[in-house]
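Per-entry structural report
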Amino acid sequence: MSDKDQQLRVSKIQNGTVIDHIAGGQALNVLAILGIDGTSGDSVSVAMNMPSDRLGHKDVVKVEGRELSQDEVDVLSLIAPAATINIIRDYDVVEKGRVERPSVVEGVLECPNHNCITTENEPVDSRFAVGDDGVRCEYCDTIIRDDLPAHILAE
Ligand code: CTP
Ligand code: ZN
């Protein structure tokens with residue numbers, strides 16, 4: 001295969017959002033954190049471990065027909081701090097941005113404390129304050145430092 005063929009492995013999209021420069025291997029966690037599981041019918045392409053000058057290997061996620069908001073993509077900073085967000089309209093990149101670290105993430109992570117009010121059968125969404133070395137549950141103060149992807153709530 002020529003280089004060109006390889007570049008065309010994942011085709012361009014007409015309208016939607018391209019999340020680029022995701023650390024290699026994190027694409028499925030990106031989908032989980034965004035609550036994208038394919039049931040809505042949107043076309044979603046995932047490319048994993050593509051060669052990248054900057055990252056060595058990167059993952060790319062393309063969501064067709066949906067422009068993700070800055071709030072939606074900011075939670076990605078927890079697992080994909082180098083991600084680039086490209087909004088595509090009529091095949092053109094009309095906006096290119098980075099994810100920004102939010103001060104709070106809501107309804108995204110599950111508290112590891114089984115006695116926490118957010119893990120019982122109550123309609124209380126989880127809320128974590130984002131710090132420099134981890135995230136802290138705002139209800140029970142439990143801190144998650146490592147392996148955030150393991151704590152992503154399934155939708
Ligand atoms: N892209 C796409 N469909 C389009 C336009 C762009 O899927 N219609 C994808 C490209 O494949 C790339 C990303 O969106 O993964 C950003 O596109 P572009 O800005 O053209 O690429 P680069 O200049 O390489 O981006 P960067 O500088 O952020 O690396
Ligand atoms: Zn808690």
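Residues numbered from 1 in each chain as written. Chains lettered and ligands numbered in written order. Predicted model: local features only at pLDDT ≥ 70, side-chain atom pairs only at ≥ 80, totals over all residues. Heavy atoms only, no water.

The name an unreviewed UniProt entry assigns to the protein chain is Aspartate carbamoyltransferase regulatory chain, from the organism Haloarcula japonica. Within the UniProt record for the protein chain, the comment given under Subunit (unreviewed entry) is "Contains catalytic and regulatory chains." UniProt's Sequence similarities (unreviewed entry) comment on the protein chain is quoted here verbatim: "Belongs to the PyrI family." (UniProt positions renumbered as here; feature names shortened; annotations may be inferred.)

**Considerations on the site of ligand 1**
Taken together, Lys12, Ile13, Val18, Asp20, His21, Lys62, Asn86, Ile88, Tyr91, Val93 and Lys96 are the residues near ligand 1. For ligand 1, a nitrogen atom lies 2.8 Å from a polar atom in the backbone of Ile13. Within the side chain of Asp20, one N or O atom sits 3.0 Å away from an oxygen atom of ligand 1. Isolated, ligand 1 exposes 600 Å² of accessible area, and the fraction of that covered by the protein chains is 66%. Elements represented by at least two residues in the shell around ligand 1 include exactly strand S1 (16-23), strand S4 (84-89) and strand S5 (92-98). In terms of residues, the shell around ligand 1 owes the most to one element, S1, which gives three residues. Class assignment of the residues belonging to the shell around ligand 1 gives a composition of five nonpolar, two polar and four charged. (Near = heavy atom within 4 Å. Polar contact = N/O pair within 3.5 Å; in protein donor to acceptor, adjacent residues only side chain to side chain. Areas by Shrake-Rupley, 256 points an atom, 1.4 Å probe, with all protein chains shown as cover. Helix = DSSP H or I, 4+ residues; strand = E, 2+ residues; numbered from the N terminus. Nonpolar A, V, L, I, M, F, W, Y, C, P; charged D, E, K, R; others polar.)

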